[in-house]
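Each chain, letter by letter, is given below.
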Amino acid sequence: MINVTEVRPGNYFVDEGNLYRVIDILLNKTAMRKMVAKIKVQNLRTGAITEIARNSGYQVEEARIDKSQMQYLYDAGETLCFMNPESYEQIELPKGRLENEIPYLTANGIVTILSYEDEILGVQLPAKVALEVVECEPGVRGDTISNGGSKEAVLETGLHIRVPLFINQGDKISVDTATGKYDGRA
């Protein structure tokens, strides 16, 4: 158990049966009151981001989140299959819980699986992934006014993004998984 004023961004804790990841914390102390910790948290089971306020002295249980590197294998219809490359152990996760991550998953791509006490919480993607452009219109030289120097491209996972005019079909590009935007050539 730790005091709520001691948690920091990136820490994990359990409070009232909910598992949270700390995004931000603001400690507020006025002359006549106890210190109040306003904590912006993400519920790891639902994905909801909320703010909770607790007085100093309030104790929360520190949570230990296990992270394991796994390889994405294939789409099994309603689930996605991942394998531990060292032990060859396979797990399947429901597609509904990974809707935001699916456009960045490629066969044999390495991801981090987050779990807490044998409960799988989700997938943590690498900061950038290399994806191949499977469809894009050719860039017209000098056409930078009508579309700002970029064009629409479809990547191998079905993701639609804006890319610079010099990118062609078949090129490998780097995509930032946090923003979903073009980050350079791979």
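This one's a predicted model, so the numbers in the text were calculated from it and none came from an experiment.

This part takes up the sheet that holds strand E4 (residues 36-43). Spatial strand order, E1-E6-E2-E3-E4-E5: six strands in an open sheet with antiparallel pairing. Only two strands of the sheet have a single partner each, and these edge strands are strand E1 (2-3) and strand E5 (49-55). Bridging between strand E3 (residues 18-28) and E4 involves eight bridges; their strand directions are antiparallel. Its bridge partner being in E4, Tyr20 is matched across the sheet by Asn43.

Counted by the stated rule, this structure contains two aromatic pairs. Consider the rings of Phe13 and Tyr20, whose centres lie 5.5 Å apart with planes at 45 degrees: the pair is tilted. In this structure, Phe13 and Tyr20 share a single accessibility class: buried. The ring of Tyr58 carries the charged tip of Arg54 above its face, separated from the ring centre by 5.2 Å.

A few words now on the pattern of salt bridges. All chains considered together, the criterion is met by eight salt bridges. A salt bridge links Glu119 to Arg45; its shortest N-O distance comes to 3.0 Å. With a gap of 74 residues between them, Glu119 in strand E11 (residues 119-124) and Arg45 in the loop between E4 and E5 connect regions that are remote in the sequence. Classification of Glu119 as partly exposed rests on a relative accessible area of 28%. Residues Asp183 and Lys128 are paired through a salt bridge, measuring 3.0 Å at the closest nitrogen-oxygen approach. Pair noted here: Asp183 is in strand E16 (residues 181-185) and Lys128 is in strand E12 (residues 128-136), with a separation of 55 residues, a long-range link. One network of salt bridges, with partners in common, ties together Asp15, Glu16 and Arg54.

Evaluation of the coordinates by the stated rule reveals one cavity of 30 Å³ or more. Looking at the largest cavity, its volume works out to about 30 Å³. Lining of the largest cavity is provided by Leu93, Pro94, Arg97, Leu98, Ile120, Leu121 and Gly122. Contributions of two or more residues to the lining of the largest cavity are made by strand E9 (90-94) and E11. The element that contributes the greatest number of residues to the lining of the largest cavity is E11, accounting for three residues. Tallied by class, the residues present in the lining of the largest cavity amount to five nonpolar, one polar and one charged.

Reading the values: rules and limits
- Residues numbered from 1 in each chain as written.
- Predicted model: local features only at pLDDT ≥ 70, side-chain atom pairs only at ≥ 80, totals over all residues.
- Heavy atoms only, no water.
- Pairing = 2+ DSSP bridges.
- Helix = DSSP H or I, 4+ residues; strand = E, 2+ residues; numbered from the N terminus.
- Phe/Tyr/Trp six-rings, centres within 6.5 Å; stacked < 30°, edge-to-face > 60°.
- Buried < 20%, exposed > 50% of the residue type's maximum accessible area, 1.4 Å probe, protein only.
- Lys NZ or Arg CZ within 6 Å of the ring centre and 35° of its normal.
- Salt bridge = Lys/Arg side-chain N within 4 Å of Asp/Glu carboxyl O.
- 1 Å grid on protein atoms, 1.4 Å probe; cavity = no way out; pocket = protein on both sides within 12 Å on 5 of 7 lines; lining within 4 Å.
- Points joined across faces, edges and corners; volume = space filled by probe spheres on them.
- Nonpolar A, V, L, I, M, F, W, Y, C, P; charged D, E, K, R; others polar.

Geometry only, nothing functional implied.
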